[in-house]
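# Notes for the structure review
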Amino acid sequence: VTHWVPGGFDGDLLKMSNLPEWETKLGTCGYSNQGRVLADVRELLAQTRSLSAKVEPYVFNTGRTANLLSLAGTIPIHFKRKQYNIPVRLLVSTDYPNNPPIGYVTPTKAMRIHRGHPNVDESGVIYMTYPIWIKGQSNLSMVCFELMQKFSIRPPVYAAGTGVRVNRVVRPGAAGQYGNQFRKPHPAQRPVVRPDVKQTPVAQPIAQPRHPHAYLYPKTNPYIDAKAQEKDRLLKKARELLTEGAHERLATQKEEIDRLLACESKLKQGKLYLVQSKAGMFSEKKQLEETTANMKKKIEEVTQWIAENKDKKLDVDTALGGKDTWSKQILQEVAKDHAIGDTLYALDKALEDGRVSLDVFLRQVRRLAKQQFRHRVLALKIMERQQQRSAMEM
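Residues numbered from 1 in each chain as written. Predicted model: local features only at pLDDT ≥ 70, side-chain atom pairs only at ≥ 80, totals over all residues. Heavy atoms only, no water.

Now for helix H4 (residues 140-153). An α-helix turns once per 3.6 residues; consequently, residues spaced three or four apart project the same way. Its 14 residues give H4 an end-to-end C-alpha distance of 20 Å, which sits within 8% of 20 Å, the value for a rise of 1.5 Å per residue. Within the sequence span of H4, burial applies to Leu 140, Ser 141, Val 143, Cys 144, Glu 146, Leu 147, Met 148, Lys 150 and Phe 151. Considering only its buried residues, H4 is in contact with helix H3 (34-47), strand E3 (51-59), strand E4 (65-79), strand E5 (82-92) and strand E6 (102-105). If you check the start of H4, you find a side-chain oxygen 3.3 Å away from the backbone N of Ser 141, and it comes from Asn 139. (Helix = DSSP H or I, 4+ residues; strand = E, 2+ residues; numbered from the N terminus. Expected span 1.5 Å × (residues − 1). Buried < 20%, exposed > 50% of the residue type's maximum accessible area, 1.4 Å probe, protein only. Contact = heavy atoms within 4.5 Å. Polar contact = N/O pair within 3.5 Å; in protein donor to acceptor, adjacent residues only side chain to side chain.)

Let us now look at a nonpolar patch on the surface. Residues Val 302, Trp 305 and Ile 306 make up a contiguous nonpolar surface patch of roughly 300 Å² in combined accessible area. With respect to the helices, strands and loops of the structure, Trp 305 is situated in helix H5 (residues 226-308). Note on Trp 305: relative accessible area 45%, which makes it partly exposed. (Patch = residues over 30% accessible without salt bridge, like charges linked within 9 Å, V, L, I, M, F, W, Y side chains within 5 Å. Areas by Shrake-Rupley, 256 points an atom, 1.4 Å probe, with all protein chains shown as cover. Salt bridge = Lys/Arg side-chain N within 4 Å of Asp/Glu carboxyl O.)

So, on to the pattern of salt bridges. Where side chains of opposite charge bring their charged atoms close, a pairing between them can arise. Under the definition given, this model contains eleven salt bridges. Put simply, Glu 23 and Arg 42 hold a salt bridge, and the shortest N to O gap is 2.7 Å. Taken together, the residues Glu 23 in helix H2 (residues 21-24) and Arg 42 in helix H3 connect sequence positions 19 residues apart.

Pairing in this open sheet of four strands is antiparallel, and the strands run E3-E4-E5-E6 from one edge to the other. Bordering the open sheet on either side are E3 and E6, each of which pairs with just one other strand. When the angles between neighbouring strand axes are averaged without regard to direction, this sheet yields 30 degrees. The strands touched by H4 within the sheet are E3, E4, E5 and E6, with E4 carrying the most contacts at an inclination of about 45 degrees. (Pairing = 2+ DSSP bridges. Axes fitted to C-alpha atoms, helices over the stretch in contact; angles between N-to-C directions.)

Together, Arg 363, Arg 366, Lys 370 and Arg 374 make up a region of like positive charge exposed at the surface. Within the secondary structure, Arg 374 is located in helix H8 (residues 358-393). (Lys, Arg positive; Asp, Glu negative; His and termini not counted. Charge placed at Lys NZ, Arg CZ, Asp CG, Glu CD.)

Geometric descriptors of this kind do not, in isolation, establish any biological role.
What follows is the structure in structure tokens.
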């Protein structure tokens, strides 16, 4: 489907038209981490081709209805060296991956759920005998793999014989919350197992998922083997002890690593400081050596000049003179600057003695200050040019 808009084709609409229907409706579910849901569902569908995704409403036990992403179809298991397809349905919770999905076994009309199954109750709700969900780390593929492992040990469904009537206990209430399916199940009354029902697993095609009706699912399963429960309890306790010890060792090692890293960082900073200080000292030493050499040269020139002019009579007005035009000009400018300074001092004394009026004083000070400023600026510019020429000659 191509959508035309003024000025060309609407690329976003064209891209949306190529997406599966469930991806286009995923935004209506209100997932807190929609990107993670999209990535994990795509991964699961790529691994298990017998599952399909669909967005549909779900009724919670509070009566609230929300759109959830449903994954319905079959998962393959191997029981007694044969492969069977178990119809299941997974509903992705709104705060996934913090909480696991809601799981159901959805038998067809030709199937029945095993009474007393340790992981599936008679209503089809899937439970796990120990927590498999790690908040934020587990995903849908891990759940399906765990279900395949559990159901391969004991399939949850069997083929219903002709004329066999299976009583289903219907309980009032709403659909169970998704926080309990992958924790320990809840207790219910033990159903009567009919001896005339032949219980053998069979392969079935993909079944249409059933919408969860208002059943109050049991909170425990009384049909779990006591020895298995004790074994699971001991294993859980052992895992907790090992995990606690590992966490303590990890925390200790982390503190030591952090301390060593901090020490390494300080050593690197100290090394950098020493390298920079060394470079600065060498540069300063070089400058001092050059300055010392220049001072020695100047001293020799002054000493020689004094020796040559020791017995000569010098005219004060002509004793100082520049070697070049710039030197002579800067001497003139500095002399004019000082002369104006002396004049300003004399004007100030005359104002104090009352020999000049304030108007005359201000007018003369303004005129002399402008001249003094020009002389100083010119002298500074000449000095800058002389320094530049000296640097180029060196």
